[in-house]
Amino acid sequence: LSDGKNEMLKSINYSKEYQSELMQYFNNRFEKLYFINTPLVPQDIKIKRHRPKSFFSQLQATNQLTSTFINFDANKNRLIDISKLVYTYDGVHYTSEGHEKIYEEIMKELNL
């Protein structure tokens, strides 16, 4: 952490049954669902603050879960793909240019 302390990173693995129940719940309530994936930051990115290897593999896992949700009903569920927009100064937060690029992708997908 920025104060020099360490924090254990954790992740949640959702069962296939839970994923299906969740998507059924949302698909029954909404006409269209939009999902935004996460940029795939390369492990060799030059940033001031070190990120553990698990950080990078979790980005992949997050996008895989997003893909699962999209594929649940590809006619209703839409992906706003920002996985290649790696405009970050620390691997997590976006630069001003990154915010602008992500905004453009959202607006393009929403046809606004």
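For the structure itself, consult the block above.
Residues numbered from 1 in each chain as written. Predicted model: local features only at pLDDT ≥ 70, side-chain atom pairs only at ≥ 80, totals over all residues. Heavy atoms only, no water.

Q: Any chance you could explain the packing of aromatic side chains here in plain terms?
A: Think of a pair of aromatic rings as described by two things: how far the centres are apart, and how the planes are tilted against each other in angle. In total, this model carries five aromatic pairs according to the counting rule given. Here Y25 and F26 contribute two aromatic rings whose centre-to-centre distance is 5.4 Å and whose plane-to-plane angle is 75 degrees, an arrangement assigned as edge-to-face. On the basis of relative accessible area, Y25 is assigned to the partly exposed category, the value being 42%. Relative to F56, the ring of F55 lies with its centre 5.1 Å away and its plane at 90 degrees, an arrangement referred to as edge-to-face. Residue class for F56 comes out buried when judged on its relative accessible area of 8%. Each residue in the set Y25, F26 and F30 is aromatic and connected to the rest through ring pairs, giving one cluster. Positioned above the aromatic ring of F55 is the side chain of R51, whose terminal nitrogen or guanidinium carbon lies 5.6 Å from the ring centre. (Phe/Tyr/Trp six-rings, centres within 6.5 Å; stacked < 30°, edge-to-face > 60°. Buried < 20%, exposed > 50% of the residue type's maximum accessible area, 1.4 Å probe, protein only. Lys NZ or Arg CZ within 6 Å of the ring centre and 35° of its normal.)

Q: I would appreciate a short explanation of a nonpolar patch on the surface in the present structure.
A: Where nonpolar side chains cluster on the molecular surface, the patch consists of I12, Y14 and Y18 and spans about 320 Å² of accessible area. Mapped onto the fold, Y14 is located in the segment before α1 (16-29). Judged by its relative accessible area of 38%, Y14 is partly exposed. (Patch = residues over 30% accessible without salt bridge, like charges linked within 9 Å, V, L, I, M, F, W, Y side chains within 5 Å. Areas by Shrake-Rupley, 256 points an atom, 1.4 Å probe, with all protein chains shown as cover. Salt bridge = Lys/Arg side-chain N within 4 Å of Asp/Glu carboxyl O. Helix = DSSP H or I, 4+ residues; strand = E, 2+ residues; numbered from the N terminus.)

No statement about biological role is implied by the geometric values presented.
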